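Observations on chain architecture
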Amino acid sequence: VQLQASGGGLVQAGGSLRLSCAASGRTFSSYAMGWFRQAPGKEREFVASISRSGAYYADSVKGRFTISRDNGKNTVHLQMNSLKPEDTAVYYCAAGRRLGDYHYWGQGTEFTVSS
């Protein structure tokens, strides 16, 4: 599985942005998909994930971010609203056979939230 993330850029605090991750392969619908982020000087952290069992979010983004997937287009999205400067990071999408067990990673897409 190859993953290509896109949608980064610059947005003001309080604004919205949608990230997308396009996946190759014919078994996309069977994969759990996740979004992670790494801020400057910090470790990579979990943001959101989606599988057949549902969608899951980090506490820091719950209520602001929504993960969704379009299996027909092999794409997973991360809709981000009410953005805060602390959301600034490089965002990575990941795929795996089950939640928490990601074997495939995209190259990352970066965005900055200005205050």
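Residues numbered from 1 in each chain as written. Predicted model: local features only at pLDDT ≥ 70, side-chain atom pairs only at ≥ 80, totals over all residues. Heavy atoms only, no water.

Read across the open sheet, the four strands follow the order 1-3-8-7; overall the sheet is antiparallel. At either margin of the open sheet sits one strand with a lone partner, and together these are strand 1 (3-6) and strand 7 (65-70). Direction aside, the axes of adjacent strands within the sheet are offset by 15 degrees on average. Looking at chain direction, strand 7 and strand 8 (residues 75-80) are connected through six bridges and run antiparallel. Bridge pairing in strand 8 places Ser 68 opposite His 77. (Pairing = 2+ DSSP bridges. Helix = DSSP H or I, 4+ residues; strand = E, 2+ residues; numbered from the N terminus. Axes fitted to C-alpha atoms, helices over the stretch in contact; angles between N-to-C directions.)

Another point: the side chain of Ser 49. Summarising the element assignment, Ser 49 is placed in strand 5 (residues 45-51). On the basis of relative accessible area, Ser 49 is assigned to the buried category, the value being 4%. Setting aside its immediate chain neighbours within four residues, Ser 49 contacts Met 33, Gly 34, Gly 54, Ala 55, Tyr 56, Ile 67, Leu 99 and Tyr 102. (Buried < 20%, exposed > 50% of the residue type's maximum accessible area, 1.4 Å probe, protein only. Contact = heavy atoms within 4.5 Å.)

This next bit is on the side chain of Ser 20. Take Ser 20: it is sitting in strand 3 (residues 17-23). Here the side chain of Ser 20 touches His 77 through a polar contact of 2.9 Å, side chain to side chain. With residues near it in sequence (within four places) discarded, Ser 20 still touches Gln 4, Ala 5, Ser 6, Trp 35, Thr 75, Val 76 and His 77. (Polar contact = N/O pair within 3.5 Å; in protein donor to acceptor, adjacent residues only side chain to side chain.)

Scanning the model with the defined rule gives one disulfide in all. Between the sulfur atoms of Cys 21 and its disulfide partner Cys 93 the distance amounts to 2.1 Å. Judged by the torsion about the S-S bond (60 degrees), the Cys 21/Cys 93 disulfide is right-handed. You can see Cys 21 sitting in strand 3 and its partner Cys 93 sitting in strand 9 (residues 89-98), a full 72 residues away along the chain. Side by side, Cys 21 and Cys 93 carry an identical accessibility label, which is buried. (Disulfide = S-S within 2.5 Å.)

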